[in-house]
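Architecture and fold: a report
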Amino acid sequence: MPGQPSSADNGPWVRAAVARFEAPLTLYATRLLGDADAARDVVQETFLRLCVQDRAAIDSRLAEWLFTVCRNRALDVLRKESRMTRLSDEQVHHCASADPSPPDVAEHRESAARVLDLVETLPPNQREVIRLKFQNGFSYQEISRISGHSVTNVGYLLHVGLKSLRNQLLDGQPAEATS
């Protein structure tokens, strides 16, 4: 097509996007789907869609675009399968870093597992915004565009979710989470 860059022109840009975003997108999709293989498929489809996009239209908001496409595709998969599964403890521990000393790793894993377990007690919309904020570093505005919630609602969901997590960590008892 005239005026559109060829896919060969976008090759270095797409390869750079894959190198930078493949791992975070895969983690995000795995958390949404609970299935690492399905998550990899969703991420692959996300990058295939990137290959045919107009670079100028999305380059300034590439991360947001990728996470939105990935989220929408993952939700399509969930709707199609009409089921949600959780990560096993083994999969959760596999994601933890082993770089610090063994006692630090053990303590970190215990704490992380506790927080991840507590995050799972939250309603899905709170879990999603907390993951987008703290696992992927998105701003409220970016989370709003990815999730479809208003910026105000994103702030509210984060506030209520974090308050619930804090109470559960301090009390040691799961609090009833509200959406």
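Only a predicted model underlies this, so the values are computations on that prediction, with no experimental measurement involved.

1. Looking at the pattern of salt bridges
Any two side chains of opposite charge can pair if their charged atoms end up close together. Tallied over the entire structure, the rule returns seven salt bridges. The partner of Glu128 in a salt bridge is Arg71, and the shortest N-O contact between them spans 2.3 Å. Of this pair, Glu128 sits in helix α7 (residues 124-134) while Arg71 sits in helix α4 (residues 62-81); the two residues are 57 residues apart in sequence, bridging distant segments of the chain. Across the pair, Arg71 and Glu128 agree in class, each one buried. The partner of Asp76 in a salt bridge is Arg79, with the nearest N and O atoms 2.6 Å apart. Taken together, the positions of Asp76 and Arg79, both in helix α4 and three residues apart, correspond to about one turn of that helix. What makes Asp76 partly exposed here is its relative accessible area of 31%.

2. A word on α4
The end-to-end C-alpha distance of α4, which contains 20 residues, comes to 28 Å, matching closely the 28 Å that a straight helix rising 1.5 Å per residue would cover. Burial of α4 is extensive: 14 of the 20 residues sit out of reach of the surface.

3. Digging into the packing of helix α1 (residues 11-33) against α4
Following both chains from N to C, one finds α1 and α4 inclined at 40 degrees, their axes separated by 10 Å at the closest point. The angle between α1 and α4 falls in the class oblique. For the pair α1 and α4, the crossing hand works out as right-handed. Contact with α1, carried on its side by Trp13, Ala17, Phe21, Pro24, Leu25, Tyr28, Ala29, Leu32 and Leu33, involves Leu62, Ala63, Leu66, Phe67, Cys70, Arg71, Ala74, Val77 and Leu78 of α4 and no other residues of that element. When grouped by side-chain class, the residues that make up the contact of α1 with α4 number 17 nonpolar, no polar and one charged.

Cut-offs and rules
Residues numbered from 1 in each chain as written. Predicted model: local features only at pLDDT ≥ 70, side-chain atom pairs only at ≥ 80, totals over all residues. Heavy atoms only, no water. Salt bridge = Lys/Arg side-chain N within 4 Å of Asp/Glu carboxyl O. Helix = DSSP H or I, 4+ residues; strand = E, 2+ residues; numbered from the N terminus. Buried < 20%, exposed > 50% of the residue type's maximum accessible area, 1.4 Å probe, protein only. Expected span 1.5 Å × (residues − 1). Axes fitted to C-alpha atoms, helices over the stretch in contact; angles between N-to-C directions. Parallel < 35°, antiparallel > 145°, perpendicular 65-115°, else oblique. Left-handed = near helix turned anticlockwise from the far one by under 90°. Contact = heavy atoms within 4.5 Å. Nonpolar A, V, L, I, M, F, W, Y, C, P; charged D, E, K, R; others polar.

Don't take any of this as a statement about function, it's just geometry.
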